[in-house]
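# Results of the structural survey
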Amino acid sequence: MKKRFGVLLKVTNDDLKLLETNPKKFWRGVKKIGESAFTYCRGLTSITIPNGVTKIGDDAFKDCRGLTSITIPSSVTEIGSGAFWDCTGLTSITIPDSVTSIGERAFSGCTGLTSITIPNGVKKIGDYAFRGCTGLTSITIPSNVTKIGGSAFYGCTDLCLNFKNLDNIKNLSIVFYGTEIKYVYFNANGEAIFSHKK
């Protein structure tokens, strides 16, 4: 395991025993999870990130296919590009209100993901953020989101999107690229619901 200046740089499968037996020692001094820190740690099945960590770096948990559960604390403000790319074992994740940005391909290829809550604090969702998340059926986009990247939901063929404030989104045509969305409805609260079915 490598750390430097508060950044967790690299974790191997051999380091996971310390994470399990002495998490306090494992996380000591860590403020950021660095780029590719846990990449290919396929022995990782669950993790609780402690309060005080502010950023989950690019590709931090990429290809951790055994990961089924993760707890993200309210101190985290940014989820980097590809942070959970191809974490096919994840079925649900709760993003805290403190997060303002979800990076490109952050959850791309998470085929087991069936539930995700995007909090009110999020302002930006990157390109391909949920590409290939074939298990997702419903996502609510909060009113503070002002930018959604191209093909953010590409391949999410069963997905319905509920926009709390449609006026904030300027690039809907590329947002829906690669989905089966064909219809739009407005509920009693004036929220726009985009769906693949009538």
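Everything in this summary refers to the structure shown in the same document. (Residues numbered from 1 in each chain as written. Predicted model: local features only at pLDDT ≥ 70, side-chain atom pairs only at ≥ 80, totals over all residues. Heavy atoms only, no water.)

Strand order in the open sheet formed by eight strands is β1-β2-β3-β5-β7-β9-β11-β13, and the pairing between neighbours is mixed. At either margin of the open sheet sits one strand with a lone partner, and together these are β1 (2-4) and β13 (147-148). Sheet analysis places β1 next to strand β2 (residues 7-10), joined by three bridges and oriented antiparallel. By the bridge assignment for β2, K2 is matched with K10. (Pairing = 2+ DSSP bridges. Helix = DSSP H or I, 4+ residues; strand = E, 2+ residues; numbered from the N terminus.)

What the four strands build is an open sheet, ordered β12-β14-β16-β15; its pairing is mixed. Bordering the open sheet on either side are β12 (138-141) and β15 (183-186), each of which pairs with just one other strand. Averaged over all pairs of adjacent strands, the angle between their axes in this sheet comes to 20°, without regard to strand direction. Pairing between β12 and strand β14 (residues 160-163): four bridges, direction parallel. Paired with I141 across the strands is F163, a residue of β14. (Axes fitted to C-alpha atoms, helices over the stretch in contact; angles between N-to-C directions.)

Next up on the list: the nonpolar core. Ranked by size, the top nonpolar core spans 60 residues in total, and within it F38, F61, F84, F107 and F153 carry the most contacts. Only α1 (16-21), α2 (23-27), β12, β14 and β16 (192-195) provide two or more residues apiece to this core. Aside from chain neighbours lying at most four places away, what touches F61 is I33, F38, L44, I47, I49, I56, L67, I70, A83, F84, W85 and C87. (Core = buried A, V, L, I, M, F, W, Y, C linked by side-chain atoms within 4.5 Å. Buried < 20%, exposed > 50% of the residue type's maximum accessible area, 1.4 Å probe, protein only. Contact = heavy atoms within 4.5 Å.)

On to the pairing of β2, then. Here β1 folds back onto β2, and the loop between the two strands holds two residues, one of which, F5, carries a positive phi near 50°. Two strands pair when backbone bridges link them, and β2 and strand β3 (residues 32-33) are joined in this way by two bridges, in the parallel orientation. Within the sheet, the bridge partner assigned to L8 lies in β3 and is I33.

Our next topic: the packing of aromatic side chains. One pair of aromatic rings is described through two measures. These are the centre distance and the angle between the planes. Tallying each qualifying case throughout the model produces 12 aromatic pairs. For the ring pair F163 and F176, a centre distance of 6.4 Å and an interplane angle of 75° mean the geometry is edge-to-face. Taken together, the positions of F163 in strand β14 and F176 in the loop between α3 (172-175) and β15 put the pair 13 residues apart, joining distant regions of the chain. Residue classification places F163 among the buried residues on the basis of a relative accessible area of 1%. Here F176 falls in the buried class, since its relative accessible area comes to 16%. (Phe/Tyr/Trp six-rings, centres within 6.5 Å; stacked < 30°, edge-to-face > 60°.)

Attention now moves to the environment of S115. Its location among the elements puts S115 in strand β10 (residues 115-117). The class of S115 is partly exposed, set by a relative accessible area of 35%. Here the alpha-carbon distance between S115 and G135, two residues 20 residues apart in the chain, equals 8.2 Å. Once residues lying within four places of it in the same chain are set aside, the contact partners of S115 are T91, S92, I93 and L136.

This part is about the environment of K170. Counting through the fold element by element, K170 comes out in the loop between β14 and α3. The exposure class assigned to K170 is exposed, which follows from its relative accessible area of 70%. Expressed as a C-alpha distance, the spacing of K170 and I148, which sit 22 residues apart in the sequence, is 8.7 Å.

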